[in-house]
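Overview (structure and organization)
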Amino acid sequence: MDVSALCDNNATRLSTNDRPAPLAAMAVSVNKRLDDDQAILERECEDAERERDYIECAGHEVKNQIAGAILQQEKVVLALAGDPVEQCAKLVLARLKSIPAVLEKTRELTQVSSSSGPLLRDRIDLVKACQMDIDFEFGDYTPYAGRIVFETGDCPTLMRNVNVELVSIIFRNLLRNALIHGTPGGQVQVSLAGDGAFTVTNGGPVVQRFDELAGKSKRGNTSASGSGIGLYIVDKAVKKIGGTLQLDSPARGRESGCEVTVQFPPDDVPGSGAAE
Ligand SMILES: Nc1ncnc2c1ncn2[C@@H]1O[C@H](COP(=O)(O)OP(=O)(O)OP(=O)(O)O)[C@@H](O)[C@H]1O
Ligand SMILES: [Mg+2]
């Protein structure tokens, strides 16, 4: 039976008009259940929104305080040159400098865990979004200038309905990982294909049980600093947009290095091809 025939103009609830008594009673209880579920969902969205606001505000304030503390500590390090406690002062400075990255990870984790914000979807071109992240985070004026080779081959544009913040979290984490954990100073190959496959490949030694490193707080044998939650966040973000994540080491077709593939879901706009 076509369930939509049981609805009236309001297609989200069952109609109780002109129904035989048993059917009307059932419709009333089904509608009540739907109302209750919607109220719970709305409360959860509000809670998530509050949590996000709190973390954004706290993060902003802490970042300002840390920036001030770093400035002061740099003066202390200079003043202590040659002093026996100079190393301690340098260590404090290094710890202070690592805090903004931890805050950024916490913010990303809140975004991928939130039930409200990331449900919002935007029609975006993945090629353009990736190029923007490369230019902004790893472009000419950064220590990573010239290391990323971005190939789009058969797809100059790739349109999808996805949350732009989640996509950016995925791109930025995977690109940074390849740059900091791969061969020092080595090139990183990035590609987007017409079927929605996004691939990041870097050189370096084989990473044993690479796929297990997407667990929370898991870190591999790397000299780069980090908290071990980047891949965990990426995995959550990819699941949230309905894609899949694959971690290979050695990189496919090679004997070393790492390759990470995110398969974006097909375009859900009727009539549009995957590659446009
Ligand atoms: N592209 C890569 N090449 C080599 N090793 C990698 C790569 N990506 C991740 N790894 C390994 O997987 C581990 C987990 O990565 P993940 O991004 O979760 O944490 P992280 O980079 O150490 O810290 P952060 O939380 O700051 O991202 C890393 O510590 C590193 O050992
Ligand atoms: Mg990382």
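Everything numeric here is computed off the predicted structure, so don't read it as measured data. (Residues numbered from 1 in each chain as written. Chains lettered and ligands numbered in written order. Predicted model: local features only at pLDDT ≥ 70, side-chain atom pairs only at ≥ 80, totals over all residues. Heavy atoms only, no water.)

1. A closer look at helix α5 (residues 230-240)
Residues spaced three or four apart along an α-helix point in a common direction, a consequence of the helix completing one turn every 3.6 residues. Here α5 has its buried residues at Gly-230, Leu-231, Tyr-232, Ile-233, Val-234, Ala-237 and Val-238. Next to the buried residues of α5 lie α2 (86-113), α4 (164-181), β6 (244-248) and β7 (258-263). Phi turns positive one or two residues past the end of α5, at Gly-242, with a value near 85°. (Buried < 20%, exposed > 50% of the residue type's maximum accessible area, 1.4 Å probe, protein only. Helix = DSSP H or I, 4+ residues; strand = E, 2+ residues; numbered from the N terminus. Contact = heavy atoms within 4.5 Å.)

2. Quick notes on the domain arrangement of the protein
In terms of domains, the protein is made up of domain 1 (1-119) and domain 2 (121-263). In this structure, domain 1 and domain 2 have C-alpha centres spaced 23 Å apart. Regarding the contact of domain 1 and domain 2, the summed buried area is about 1200 Å², with carbon and sulfur atoms giving 59% of it. In this structure, the salt-bridge partner of Arg-172 is Glu-108, at a minimum N-O distance of 3.4 Å. The tally of links between domain 1 and domain 2 comes to five residue pairs in polar contact (both at pLDDT 80 or more). Residue classes in the side of domain 1 that touches domain 2 are distributed as four nonpolar, five polar and four charged. (Domains from an automatic or database assignment. Buried area = accessible area lost by both parts, 1.4 Å probe. Salt bridge = Lys/Arg side-chain N within 4 Å of Asp/Glu carboxyl O. Polar contact = N/O pair within 3.5 Å; in protein donor to acceptor, adjacent residues only side chain to side chain. Nonpolar A, V, L, I, M, F, W, Y, C, P; charged D, E, K, R; others polar.)

3. Overview of the pairing of strand β4 (residues 188-192)
Burial of β4 is one-sided: the residues Val-188, Val-190 and Leu-192 facing one way are buried, the residues Gln-189 and Ser-191 facing the other way are not. Note: strand β2 (residues 148-151) against β4, four bridges, orientation parallel. Residue pairing for β4: Val-149 is matched across the bridge by Gln-189. Pairing analysis gives five bridges linking β4 to strand β5 (residues 197-202), with the strands arranged antiparallel. Note on β5: the bridge partner recorded for Leu-192 is Phe-198. Here β4 folds back onto β5 in antiparallel fashion, the turn holding four residues, of which Gly-196 has a positive phi close to 90°. (Pairing = 2+ DSSP bridges.)

4. Comments concerning α2
With 28 residues, α2 should reach 40 Å at 1.5 Å per residue; the first-to-last C-alpha distance of 41 Å fits that figure. Of the positions making up α2, those classed as buried are Glu-86, Ala-89, Leu-93, Leu-96, Lys-105, Glu-108, Thr-110, Gln-111 and Val-112. Here the buried face of α2 lies against α1 (21-79), α4 and α5. (Expected span 1.5 Å × (residues − 1).)

5. Quick look at the nonpolar core
Ranked by internal contacts, the top residues of the largest apolar core, which has 42 residues, are Leu-174, Val-190 and Phe-198. Of all the secondary structure elements, the ones that give two or more residues to this core are α3 (126-138), β2, α4, β4, β5, α5 and β7. Per-element accounting of this core gives the leading share, nine residues, to α4. With residues near it in sequence (within four places) discarded, Val-190 still touches Cys-130, Ile-148, Val-149, Phe-150, Glu-151, Leu-175, Phe-198, Thr-199 and Val-200. (Core = buried A, V, L, I, M, F, W, Y, C linked by side-chain atoms within 4.5 Å.)

6. Some words on the packing of α2 against α5
Between α2 and α5, the least distance of the axes is 9 Å, while the angle of their chain directions is 25°. Between α2 and α5, the angle is such that the two are roughly parallel. The two elements α2 and α5 cross, and the hand of that crossing is left-handed. Packed against α2, whose contacting residues are Lys-105, Glu-108, Leu-109, Val-112 and Ser-113, the element α5 presents Gly-230, Tyr-232, Ile-233, Lys-236, Ala-237 and Lys-240 at the interface. (Axes fitted to C-alpha atoms, helices over the stretch in contact; angles between N-to-C directions. Parallel < 35°, antiparallel > 145°, perpendicular 65-115°, else oblique. Left-handed = near helix turned anticlockwise from the far one by under 90°.)

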